[in-house]
Amino acid sequence: MAHGIRATPLQIACRWGVPVVATLACIFLVAPILIFLPLSFNSGSFFRFPLDGLSLRWYQDLFTSPFWIRSLFNSLLVGACATALAMALGVPAAFGLWKATFRGKSLLVGLLISPMMVPVIITGVSVYYASAPFLLNNTYIGLILAHTAIAVPFVIVTVSASLSGFNPDYLRAGASLGAPPLLIFRRITLPLILPGVVSGALFAFSASFDDVVIALFMAGPEQRTLPRQMLTASVDGFRLTITAAASLMILISVALMAVILMLQRRSQRLAAKIA
């Protein structure tokens, strides 16, 4: 310590204890991932260590089996469509909530983001019974709409976070030059909040791509997604193809997180330049 001041036992314990606890927490969270990744290259047919050998047989099974490849295609299709709808609904909603001031605004925000807080099993049951009268169960449209419902809150939260640091004087400056509102949004607002918009899209896609509970309620055999196929395969008879599918989902999630971190750094640099 500076000026000869000795650290107290509590300060010493915190200095050494916090990094140790953080490291143990990271190991606890990452350990399942580190187990699945090498198992996907196992040449044997059993879930065990040490590995029987190295092979790509389970990845070959993943990309050649009609069940697995159809499930992967469904997940990508549903995720892309749900993300597009979530962006079309979430971005205007976040912008409108940012500009508007009215009584009950906090209540409305809570209702819009409630799918993030409500247990997903309740959301699954709700969308199932809400879709049944319209014959949307076991259809792509029903599954996409259900995934949109859980994806929109992520868009609203991330875009609202970007708008919280947005200077409204930019809008008034554009209006003073005679630009219509749509042009102001496209040429001024959107470029400045673009990292938040893209992050919201990535979170929305991830929420749809990783979902299994809603897919159990809404998807039929033709709409079976990759997480649902993994669950079905683990129940019917465990094959290490599940480890290959899990590794693929892990890589996609890591790639999405890397893009989000890059966008956050870009947003910080852009904000620093403007400031």
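(A) Structural context of the overall build of the protein. Secondary structure summary: the protein contains 12 helices and 0 strands in total. Judged by the C-alpha coordinates and their principal axes, the protein covers about 75 × 70 × 30 Å. Looking at the protein as a whole, 34% of its 275 residues are labelled buried. Taking as baseline every contact in the protein between residues at least 6 positions apart, the subset at least 24 positions apart corresponds to 69%.

(B) Looking closely at the packing of aromatic side chains. For the structure on display, the rule yields 6 aromatic pairs. Arranged with centres 5.3 Å apart and planes meeting at 85 degrees, the rings of tyrosine 128 and tyrosine 129 form a pair that is edge-to-face. With a relative accessible area of 58%, tyrosine 129 lands in the exposed category. Consider the rings of phenylalanine 205 and phenylalanine 209, whose centres lie 5.6 Å apart with planes at 20 degrees: the pair is stacked.

(C) Quick look at helix H2 (residues 57–64). For H2, every residue scored as buried is listed here: Trp58, Tyr59, Asp61 and Leu62. Viewed along the axis of H2, the buried residues span an arc of 160 degrees, placing them on a single side of the element. Turned more than 90 degrees off the buried face of H2, the exposed positions are Gln60 and Thr64.

(D) Structural view of the environment of threonine 83. Among the secondary structure elements, threonine 83 is positioned in helix H3 (residues 66–99). Given a relative accessible area of 11%, threonine 83 falls into the buried group. Through-space distance from the C-alpha of threonine 83 to that of glycine 17 is 42 Å; in sequence the pair is 66 residues apart. For threonine 83, the residues in contact, after removing those within four places along its chain, are Ala201, Ala204 and Phe205.

(E) Structural view of the side chain of histidine 147. For histidine 147, the position within the fold is in helix H7 (residues 140–164). One polar contact links histidine 147 to aspartate 211, side chain to side chain, over a distance of 2.9 Å.

(F) Summary view of the side chain of glutamine 229. Tracing the backbone shows glutamine 229 in helix H11 (residues 226–236). There is a polar contact of 2.7 Å between the side chain of glutamine 229 and the side chain of arginine 224. Apart from the residues within four sequence positions on either side, glutamine 229 is in contact with Phe67, Trp68, Ser71 and Arg224.

(G) Up close: the packing of H3 against helix H9 (residues 181–209). With their axes 8 Å apart at the nearest point, H3 and H9 run at an angle of 140 degrees to one another. Taken together, the axis directions place H3 and H9 in an arrangement best described as oblique. In the packing of H3 onto H9, the handedness of the crossing is right-handed. The segment H3 lies against H9, with Leu72, Ser75, Leu76, Val78, Gly79, Ala80, Ala82, Thr83, Ala86, Met87, Val91 and Phe95 engaging Phe185, Thr189, Val197, Gly200, Ala201, Ala204, Phe205, Ser208 and Phe209.

(H) Representation of the pattern of salt bridges in the model. Tallied over the entire structure, the rule returns 1 salt bridge. For glutamate 222, the salt bridge goes to arginine 70, with nearest N and O atoms at 3.3 Å. Taken together, the positions of glutamate 222 in the loop between helix H10 (213–218) and H11 and arginine 70 in helix H3 put the pair 152 residues apart, joining distant regions of the chain.

(I) Region of interest: the environment of phenylalanine 205. Structurally, the position occupied by phenylalanine 205 is in helix H9. Distance from phenylalanine 205 to alanine 84, taken between C-alpha atoms, is 9.0 Å for residues 121 residues apart in sequence. When residues no more than four places from it in sequence are discounted, the contact partners of phenylalanine 205 are Leu76, Gly79, Ala80, Thr83 and Leu256.

(J) Geometry of a nonpolar patch on the surface. Residues Val118, Ile121, Ile122, Val125, Tyr128 and Tyr129 make up a contiguous nonpolar surface patch of roughly 510 Å² in combined accessible area. Counting through the fold element by element, tyrosine 128 comes out in helix H6 (residues 120–131).

(K) The arrangement of the nonpolar core in detail. Core analysis: the largest hydrophobic core is formed by 21 residues, its most contacted members being Leu62, Trp68, Phe209, Leu226, Met230 and Ala245. Those elements that provide at least two residues to this core are H2, H3, H9, H11 and helix H12 (241–274). Counting residues per element, this core draws most heavily on H12, which supplies 9 residues. When near neighbours in sequence (up to four residues on either side) are disregarded, leucine 62 contacts Trp68, Ile69, Thr241, Ala244, Ala245 and Leu248. Of all hydrophobic cores here, the second largest spans 19 residues; its members include Val91, Val155, Val159 and Ala201.

(L) Structural detail: unusual backbone geometry. Located in the positive-phi region is leucine 135, a residue other than glycine, with phi close to 60 degrees. At asparagine 138, a residue that is not glycine, the phi angle is positive and equals roughly 60 degrees. Among the structural elements, asparagine 138 can be located in the loop between H6 and H7. Residue classification places asparagine 138 among the partly exposed residues on the basis of a relative accessible area of 46%.

Scoring rules and cut-offs
- Residues numbered from 1 in each chain as written.
- Predicted model: local features only at pLDDT ≥ 70, side-chain atom pairs only at ≥ 80, totals over all residues.
- Heavy atoms only, no water.
- Helix = DSSP H or I, 4+ residues; strand = E, 2+ residues; numbered from the N terminus.
- Buried < 20%, exposed > 50% of the residue type's maximum accessible area, 1.4 Å probe, protein only.
- Contact = heavy atoms within 4.5 Å.
- Phe/Tyr/Trp six-rings, centres within 6.5 Å; stacked < 30°, edge-to-face > 60°.
- Arc of directions from axis to C-beta.
- Polar contact = N/O pair within 3.5 Å; in protein donor to acceptor, adjacent residues only side chain to side chain.
- Axes fitted to C-alpha atoms, helices over the stretch in contact; angles between N-to-C directions.
- Parallel < 35°, antiparallel > 145°, perpendicular 65-115°, else oblique.
- Left-handed = near helix turned anticlockwise from the far one by under 90°.
- Salt bridge = Lys/Arg side-chain N within 4 Å of Asp/Glu carboxyl O.
- Patch = residues over 30% accessible without salt bridge, like charges linked within 9 Å, V, L, I, M, F, W, Y side chains within 5 Å.
- Areas by Shrake-Rupley, 256 points an atom, 1.4 Å probe, with all protein chains shown as cover.
- Core = buried A, V, L, I, M, F, W, Y, C linked by side-chain atoms within 4.5 Å.

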